[in-house]
Each structure stands twice: as C-alpha cells, then as structure tokens.
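# Architecture and fold: a report
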Amino acid sequence: MTVTLGTDIRELNEKIQKESQFLDLIQTEIGKVIIGQKNLVESLLIALLSDGHILLEGVPGLAKTLAIKTLARTIDVGFSRIQFTPDLLPADLIGTMVYSPKSESFTVKKGPVFNNFILADEINRSPAKVQSALLEAMQERQVTIGDNTYKLPEPFMVLATQNPIEQEGTYPLPEAQMDRFIFKVIITYPTKEEEQRIIKLNVAPNFPEVKPVVSPDTIIKARQLVKEIYVDEKIEKYILDIVFATRFPEDYKLEKLKDYIQYGASPRASIYLTLTSKALAFIRRRGYVIPEDVRTVCHNVLRHRIGLTYEAEAENITTENIINEILNTIEVP
C-alpha cells in the first residue's frame, strides 16, 4: 500500500510539473504591470485555482483593480467592473426584463454580472439588496431574472474590494456573505524600491501591454487537477484542530482567547483551508500538501470568519492576533 501511494504521488508530481507550466506565463505577464505585491498575485492565483471568490482590502492606489484586470486579460476571459454606490439597484447588477412595444413582450436584458471575472469595486458602499443579488451569483453560479434562471459563464470569479479608511455611509457586508469569500486579503504599501519602479513604469512613454497567454479551458482543467492533490490524514487533522480552536479555544489550552472570540470559523473554513492548501501546492509544483501550505493560507481564509467580542476590541485584539496565537499553539504534524 505504501509503495503504491509513493508511486501515485510521484506520477502526480510529474503530471503537475507538466500541467502547471502555464502559471509561469501568467506571472510573467502580470509582472509587466504589477510591481511587487507578491502576496496579492499569489492569492489571486490560489483563489482562481480553488474556484473561489476573493475580497481585497487596502487603501486606494495599491493596484487592486489593475491586478484583477490584468489577470482577466492574461486568461482571455470576459471582464466587468461594477462600481458599487449607495444608489445601485440589483437590476443594475444582474439585469432586468425590458418591455418592447414593437413585439408587445418582455425580453431579458442581462447585466454586467454575466461575465467571467467580476470586479465589485468598493462592495461595502451598496445596501443589502444589491449585496444579496451578488450573493446568489457567487454561491449558485446562476442568476434569476423574472421567472427564468440563467447560468453564469465558466470560469466565474468575483473579486470584491473595500476601502478600510472611509466607513461613513458604508454598509458592512453581512457575515453570510463574508463567509462565501474564499479569501480576505489585506494589501499593504509597496517598499521604497518597489514604489520607485512603479513611478518609472507609470511615467514611461508606453505602458506595457499584457497579452492573453492562457485559455479558460486550461484553468478549468487545472482546477480538476488541484482536487487530485494528496492530503494526508495528519494534515486534515491539523486543519480541523486550527478551525476547532477558533470555536473551542479552551480545548486547546487557549483559555485566554475565549473572552475575545464571539463566534468561530464555519465549516467552510475547513473546506477552504484544504482546497487553498491544495492550490498552493499546485503553484509550488507539488502533488501533496505540507503543513507550511496550510500555515501560508491560514490568515487569508480565517481573518473574516472569526467574530470578535467587545472585550477584544477594547483591548485592541485583532483576528490576526488570534490566528497567530492558534498557529503558535497547535502542534504541527
């Protein structure tokens, strides 16, 4: 049994080495216009390979929109940018029924959500009605207009951004919708050297042109291969321990966290930790998951799935602090 397993892993490794070559092409094209931001680019690729949606948080001007547009361009898929505003209606997002006097009948006018990549810019600026309309598209991969339901194209991915600075006049995302994002990625400022390169790039006479280098079918095929990546039972137990420590910290000698956690991560956290660890293993050209993969994706998967108490906020305890404490305490297999 052990010999067979070893052989299967070797074969899978070889298969992944061969099938993951397209990632180099995507990263090369993105590197033409995105300076630094390695965490952002890697997170986008992980979410793409995991068939999930991603929430990006950062101050304006950190290339969030540019990164998403560039990724869509490299894969040659349809792209829509929707600016979320307080007066946006669900029909502006998904489409509506339009009456034609000529034919005396209603026809469906599809909205911008009918595209492969959707950039929901400043998603927290729109009210709950609009957010819930996007929710069906994200979860069900379909949209209901009138009496009919329409499938969305494959691959389909929602990339939402929110600005952490201006909270006035915003509508915080409900927990149910936050939970449907596979990742919440915090984007930070570039280094001084990176910003100098950004200046040179943006004031040059010609801005680099990004070319399509991968077909949508390649991404769909890679997603199937990601699911084949081997996860040992010890790794599965490690993932479960991390997630359960957010719910029952006292069971893991983390009693001090009990007063800070209002609610722990949902079962989606366990699923997404496993799936994104597999995707990271694929990016690193491996046919199996190691503990370091889990630790790498852990913050992005869990930071929006842990509810904090008033005590935590009063003592400036963040979800980052809680995740770090859990990772430092749970034994690594």
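Up top you'll find the structure we're talking about.
Residues numbered from 1 in each chain as written. Predicted model: local features only at pLDDT ≥ 70, side-chain atom pairs only at ≥ 80, totals over all residues. Heavy atoms only, no water.

## Looking at the packing of aromatic side chains
- Across all of its chains, the model carries three aromatic pairs by this definition.
- The interplanar angle of 45 degrees and the centroid separation of 6.3 Å between the aromatic rings of F22 and F282 together place this pair among those described as tilted. You can see F22 sitting in helix 2 (residues 22-33) and its partner F282 sitting in helix 11 (residues 267-283), a full 260 residues away along the chain.
- On the accessibility criterion, F282 (0% relative accessible area) is buried.
- Between the aromatic rings of F244 and F248, the centroid separation amounts to 6.1 Å while the plane-to-plane angle is 40 degrees, which identifies the pairing as tilted. (Phe/Tyr/Trp six-rings, centres within 6.5 Å; stacked < 30°, edge-to-face > 60°. Helix = DSSP H or I, 4+ residues; strand = E, 2+ residues; numbered from the N terminus. Buried < 20%, exposed > 50% of the residue type's maximum accessible area, 1.4 Å probe, protein only.)

## What to know about the environment of S215
- Of note, S215 is situated in the loop between helix 8 (192-203) and helix 9 (216-228).
- Residue classification places S215 among the partly exposed residues on the basis of a relative accessible area of 32%.
- Engagement of the side chain of S215 in a polar contact is seen with the side chain of T218, the distance being 3.0 Å. (Polar contact = N/O pair within 3.5 Å; in protein donor to acceptor, adjacent residues only side chain to side chain.)

## Some remarks on a nonpolar patch on the surface
- A contiguous nonpolar surface patch, about 370 Å² in accessible area, is contributed by M97, Y99, F106 and V108.
- Within the residue set of the nonpolar patch, elements represented by two or more residues are strand 3 (95-100) and strand 4 (105-110).
- Within the fold, M97 resides in strand 3. (Patch = residues over 30% accessible without salt bridge, like charges linked within 9 Å, V, L, I, M, F, W, Y side chains within 5 Å. Areas by Shrake-Rupley, 256 points an atom, 1.4 Å probe, with all protein chains shown as cover. Salt bridge = Lys/Arg side-chain N within 4 Å of Asp/Glu carboxyl O.)

## A word on helix 9
- Buried within helix 9 we find I219, A222, R223, L225 and V226. With its buried residues spanning 165 degrees around the axis, helix 9 presents them on a single face. Along helix 9, the residues that are exposed and aim more than 90 degrees away from the buried face are D217, K221 and K227. (Arc of directions from axis to C-beta.)

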